[in-house]
Amino acid sequence: MSTLLHTTPVNDGFFMPGEQEPQDEIWIAWPERTDNWRNGAKPAQQVFIDVAKAIAEVTPVTMTVSADQYDNARSRLPEHIRVVEMTTNDSWMRDIAPSYVVNKDGERRGVDWEFNAWGGLVDGLYFPWDKDDQVASKICNLRGDARYRAPIVLEGGSIHVDGEGTLYTTEECLLHPSRNPDLTREDIEQVLKEHLGIEKVIWIKNGLYNDETNGHVDNLIHVARPGEVVLSWCDDENDPQYQISRDAYEVLSNERDAKGRQIKVHKVHIPGPLYISAEEAAGIDSCDGMEREAGERLAGSYANFLITNNRVILPLLDPKRDDDAKAVLQHVFPEHEVVGVNAREILLGGGNIHCITQQVPSAH
């Protein structure tokens, strides 16, 4: 059973550890929406399997799947990957699963954010989203973890923490009128501090160009460790991403983190630019909220990787850029094995490897 707590994590001595900390488990949700994943979601399912296998070599993986797809998922995934039946509206586990917090005594609890499909009735990507909004509480329930229901709309991909008091986010997303229009920046900061045990928020203006999540920070940057960040970069002055990356670099270069450190920034050039092909668009059912037309620019990013137990799972997206991206990450993570997975099929759905995964940190 999962107990719903009516206190706050920070009052109870809990904080969110960084992704670079040891992990006990990774959660992923099986893709099947035919208006988001092409060709009946079969190509996407194969890539989700590839990602799950790459993670499962170092960290246990649980895949949630609908009743209709249970037999298909169970038969296609290796035995050592746990498969549990759970209803979702789509498969972006980063945004719908709990953000886990821990304390110094080795206890672990989940923070369950309100979810409105990246914008609710203002500019959300689909309706309804009620099943996605139940996922965090179901995961806490399955694991027997107590949970806090946070009083704001927030997706896990819209924040990055370093585990030592610093949180990174974008103004574009957290201050968007479709999230928490009644709250000021200061109000939102206060909720983040109370629920994640952070001391400082570093606000970057915009997320990656044409990111339909209203600019999630995890598609623009990735926290490698306290005081070090990987930033999506662009050298083409005519690309809209060019200025976005420079503005982000300026913020990161001039800010200090919660511990007073100057932030070291590692630049990784974006893939492409990449666009949906006519063939890919033809395989997707029409949808009101999601732009899946031929020629639509994809928000491709190498920063959307996952760190898990001395391994980095990197999306491979562009043969011209993949090797350079891998080299940058190998330099940033000398103790880690960098494993690439061909991830265009995830990108076609609107995100990447970080977006489809959520870690459960080890409780020390």
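Residues numbered from 1 in each chain as written. Predicted model: local features only at pLDDT ≥ 70, side-chain atom pairs only at ≥ 80, totals over all residues. Heavy atoms only, no water.

Details of the overall build of the chain
Now for step 1: Scanning the chain for helices and strands turns up 11 helices and 17 strands.
Now for step 2: In summary, the chain has a C-alpha radius of gyration of 19 Å against a globular reference of 21 Å for 364 residues, a match within 12%.
Now for step 3: For the chain, buried positions account for 60% of its 364 residues.
Now for step 4: In the chain, once contacts between residues fewer than 6 apart in sequence are set aside, the share between residues at least 24 apart is 75%.
Now for step 5: With the model as given, the accessible surface of the chain reaches about 14000 Å², and the carbon-plus-sulfur share is 45%. (Helix = DSSP H or I, 4+ residues; strand = E, 2+ residues; numbered from the N terminus. Rg over C-alpha atoms; globule rule 2.2 N^0.38 Å. Buried < 20%, exposed > 50% of the residue type's maximum accessible area, 1.4 Å probe, protein only. Contact = heavy atoms within 4.5 Å. Areas by Shrake-Rupley, 256 points an atom, 1.4 Å probe, with all protein chains shown as cover.)

Describing helix α7 (residues 185-196)
Now for step 1: Helix length check: α7 (12 residues) gives 16 Å between terminal C-alpha atoms against 16 Å at 1.5 Å per residue, within 8%.
Now for step 2: For α7, the complete set of buried residues consists of I188, E189, V191, L192, H195 and L196. Along the axis of α7, the buried residues cluster in a sector spanning 160 degrees; they form a single face.
Now for step 3: Backbone geometry just after α7 places G197 at a positive phi near 65 degrees. (Expected span 1.5 Å × (residues − 1). Arc of directions from axis to C-beta.)

Some words on the pattern of salt bridges
Now for step 1: In the structure shown here, the tally under the stated rule is 24 salt bridges.
Now for step 2: For E280, the salt bridge goes to R344, with nearest N and O atoms at 2.8 Å. Separated by 64 residues along the polypeptide, E280 in helix α9 (residues 278-282) and R344 in helix α11 (residues 344-348) bring together distant segments of the chain.
Now for step 3: One network of salt bridges, in which partners are shared, links E25, R82, R143 and D145. (Salt bridge = Lys/Arg side-chain N within 4 Å of Asp/Glu carboxyl O.)

Some details on the pairing of strand β10 (residues 200-204)
Now for step 1: In terms of residue burial, β10 counts as a mostly covered element, since 4 of its 5 residues are buried.
Now for step 2: The pairing of strand β9 (residues 166-170) with β10 spans 5 bridges and is parallel. Bridge pairing links T166 to K200 in β10. (Pairing = 2+ DSSP bridges.)

As for the packing of aromatic side chains
Two numbers describe a pair of aromatic rings. These are the distance of the centres and the angle of the planes.
Now for step 1: Within this structure, the stated rule accounts for 7 aromatic pairs.
Now for step 2: On the numbers, 5.0 Å between centres and 85 degrees between planes, the contact of F115 with W118 is edge-to-face. Across the pair, exposure class does not vary: F115 and W118 are buried alike.
Now for step 3: Through a chain of ring-to-ring contacts, the aromatic side chains of W37, F48 and W92 assemble into a single cluster. (Phe/Tyr/Trp six-rings, centres within 6.5 Å; stacked < 30°, edge-to-face > 60°.)

Structural notes on the pairing of strand β4 (residues 82-85)
Now for step 1: Inspection of the sheet shows strand β3 (residues 61-65) paired to β4 by 4 bridges, in the parallel sense. The residue bridging T62 from the neighbouring strand is R82, located in β4.
Now for step 2: In the classification by handedness, the crossover that spans β3, the intervening helix α2 (residues 70-76) and the parallel β4 is right-handed. (Right-handed = clockwise from strand over helix to strand, strands pointing away.)

A closer look at the nonpolar core
Now for step 1: With 71 residues, the main nonpolar core has I28, L77 and I346 as its most contacted residues.
Now for step 2: What I346 contacts, discounting residues up to four positions off in sequence, is W37, V47, F48, V51, W92, G351, N352, I353 and I356.
Now for step 3: Within the second largest apolar cluster, 21 residues are counted, among which are V101, W113, I152 and V201. (Core = buried A, V, L, I, M, F, W, Y, C linked by side-chain atoms within 4.5 Å.)

Re helix α8 (residues 240-254)
Now for step 1: Counted at 1.5 Å a residue, the expected span for α8 with its 15 residues is 21 Å, and the 22 Å between its end C-alpha atoms agrees.
Now for step 2: Of all the positions in α8, only Q241, Y242, I244, S245, A248 and L252 are classed as buried.
Now for step 3: Contact partners of the buried residues in α8: β9, β10, β11 (221-225), β12 (228-233) and β13 (264-269).
Now for step 4: Between the side-chain oxygen of the N-cap and the backbone nitrogen of Q241 there are 2.8 Å, and the N-cap of α8 in question is D239. (Polar contact = N/O pair within 3.5 Å; in protein donor to acceptor, adjacent residues only side chain to side chain.)

Looking at the layout of surface pockets
Now for step 1: Here the largest pocket is characterised by a volume of approximately 220 Å³.
Now for step 2: What lines the largest pocket is a set of 17 residues, among which N210, E212, E291, R292 and E296 lie closest to the centre.
Now for step 3: Of the residues contributing to the lining of the largest pocket, the split by class is 7 nonpolar, 4 polar and 6 charged. (1 Å grid on protein atoms, 1.4 Å probe; cavity = no way out; pocket = protein on both sides within 12 Å on 5 of 7 lines; lining within 4 Å. Points joined across faces, edges and corners; volume = space filled by probe spheres on them. Nonpolar A, V, L, I, M, F, W, Y, C, P; charged D, E, K, R; others polar.)

Looking at the side chain of S362
Now for step 1: Turning to its location among the elements, S362 is positioned in the segment after β17 (358-361).
Now for step 2: Residue classification places S362 among the buried residues on the basis of a relative accessible area of 13%.
Now for step 3: From its side chain, S362 meets the backbone nitrogen of Q23 in a polar contact 3.4 Å long.
Now for step 4: One polar contact links S362 to D24, side chain to side chain, over a distance of 2.7 Å.
Now for step 5: Beyond its immediate sequence surroundings of up to four residues, S362 is in contact with P22, Q23, D24, V102 and R108.

Looking at the environment of W233
Now for step 1: In this structure, W233 sits in strand β12.
Now for step 2: In this structure the C-alpha to C-alpha distance between W233 and W113, which are 120 residues apart in sequence, comes to 30 Å.
Now for step 3: There is a polar contact of 3.1 Å between the side chain of W233 and the side chain of D235.

Looking at the environment of D211
Now for step 1: Here D211 lies in the loop between β10 and β11.
Now for step 2: Overall, the relative accessible area of 8% leaves D211 in the buried class.
Now for step 3: Taking C-alpha positions, D211 is 5.2 Å from A299, a pair spaced 88 residues apart along the chain.
Now for step 4: Here the side chain of D211 touches N219 through a polar contact of 3.3 Å, side chain to side chain.

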